[in-house]
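# Working through the structure, step by step
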Amino acid sequence: MPTDQLSSTSTPRLSNYSVRNPTPRDAKEILNLVRESGTLDENSCYAYLLLCDHFRNTCLVAELEEKIAGFVAAYRPPTRPQSVFVWQIGVALSSRKHGLAKYLLRHLLALPATEGVRFLEATVTPSNVPSQRLFKSFADEVHAPLEIVTGFESEHFDTPSHEEESLFRIGPIRADLDSINS
Ligand SMILES: CC(C)(COP(=O)(O)OP(=O)(O)OC[C@H]1O[C@@H](n2cnc3c(N)ncnc32)[C@H](O)[C@@H]1OP(=O)(O)O)[C@@H](O)C(=O)NCCC(=O)NCCS
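What you see is a predicted model, and the numbers here were worked out from it, not measured in a lab. (Residues numbered from 1 in each chain as written. Predicted model: local features only at pLDDT ≥ 70, side-chain atom pairs only at ≥ 80, totals over all residues. Heavy atoms only, no water.)

Not every one of the 20 residues close to the ligand is listed here, only the nearest: Ile89, Lys97, Gly99, Asn128 and Ser137. A distance of 3.3 Å is found between an oxygen atom of the ligand and a backbone nitrogen or oxygen belonging to His98. About the coverage of the ligand: the protein hides 80% of its 920 Å² of free accessible area. Of all the cavities here, the one that holds the ligand is the largest pocket. When residues of the shell around the ligand are assigned to their parent elements, the largest contribution, five residues, is made by helix H4 (residues 129–141). (Near = heavy atom within 4 Å. Polar contact = N/O pair within 3.5 Å; in protein donor to acceptor, adjacent residues only side chain to side chain. Areas by Shrake-Rupley, 256 points an atom, 1.4 Å probe, with all protein chains shown as cover. 1 Å grid on protein atoms, 1.4 Å probe; cavity = no way out; pocket = protein on both sides within 12 Å on 5 of 7 lines; lining within 4 Å. Sits in = over half its atoms within 2 Å of the grid points. Helix = DSSP H or I, 4+ residues; strand = E, 2+ residues; numbered from the N terminus.)

This is how it looks when you write it as structure tokens:
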């Protein structure tokens, strides 16, 4: 088998994933990934339908063998037009730790719908080390500063056990992103 082909024992290459904007047909599968993630807040199927429809231009799914292996749900906050806010990003267990989340973020910044974006934002809980590592690593990759400030406090949530969500703000990101699209 050629080395760039997927086998059950090898790690798939990033080029094996096809990355595209979602459609409403993807909402259920995205919700399943959220359920399996172990850390993401589970929202209603209707919320994912809205993302896959109204916000589809700033959301992405990565497919491997016709199954969604990763997704990023993002939008441009109306009050911060130079930013794209990553609401949720998730990668299936079998596809983790070989660069797929960063690959999705690179694709996100290369979309026509994120033209003019200079900041990438996300909120992260203190216990979510993989997520912290992802955004720190991505900031390094795009050679941009990473600012971490108060986002949403624990008492803002309906469940007292919910951790605070710190706001990670990466930028300003250079406009010429061609070098990070490979
Ligand atoms: C966070 C998550 C999306 C990362 O996906 P991934 O495809 O495995 O991440 P990548 O392979 O692109 O790795 C990005 C960086 O994070 C680091 N990283 C990823 N998983 C890690 C882990 N479990 N522990 C420590 N570092 C980790 C990688 O080493 C890499 O850093 P490097 O470039 O310096 O080597 C994935 O773990 C996940 O889906 N988690 C559950 C959902 C979640 O918590 N999402 C984030 C909150 S919205």
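Having put the structure on the table, let's press on.
The tally for this structure, following the rule as stated, stands at seven salt bridges. Notably, a salt bridge pairs Glu121 with Arg80, separated by 2.7 Å at the nearest N-O pair. Placement of Glu121 in strand E5 (residues 119–124) and of Arg80 in the loop between strand E3 (67–75) and strand E4 (83–91) is noted, with a sequence separation of 41 residues between them. Where Lys102 meets Glu141, a salt bridge forms, and the shortest distance between an N and an O atom there is 3.1 Å. One end of the pair, Lys102, is in helix H3 (residues 100–110); the other, Glu141, is in helix H4, and 39 residues separate them in sequence. With a relative accessible area of 22%, Glu141 lands in the partly exposed category. Because the salt bridges share partners, they merge into one network encompassing Arg20, Asp26 and Glu63. (Salt bridge = Lys/Arg side-chain N within 4 Å of Asp/Glu carboxyl O. Buried < 20%, exposed > 50% of the residue type's maximum accessible area, 1.4 Å probe, protein only.)

Turning to helix H1 (residues 27–37), a few remarks are in order. Restricting attention to buried positions, one finds in H1 the residues Ala27, Ile30, Leu31, Leu33, Val34 and Ser37. Each buried residue of H1 sits inside an arc of 155 degrees when the element is viewed along its axis, so together they form one side. With respect to the buried face of H1, the exposed residues turned more than 90 degrees away are Lys28 and Glu36. The inward-facing, buried residues of H1 contact helix H2 (45–53), strand E2 (60–64), E3 and E4. (Arc of directions from axis to C-beta. Contact = heavy atoms within 4.5 Å.)

Here we take up the layout of surface pockets. Roughly 1200 Å³ of volume is contained in the largest pocket. Lining the largest pocket are 39 residues; nearest its centre among them are Ile89, Asn128, Pro130, Ser131 and Leu134. Elements supplying a minimum of two residues to the lining of the largest pocket: E4, H3, E5 and H4. In the lining of the largest pocket, the residues fall into 16 nonpolar, 16 polar and seven charged. (Points joined across faces, edges and corners; volume = space filled by probe spheres on them. Nonpolar A, V, L, I, M, F, W, Y, C, P; charged D, E, K, R; others polar.)

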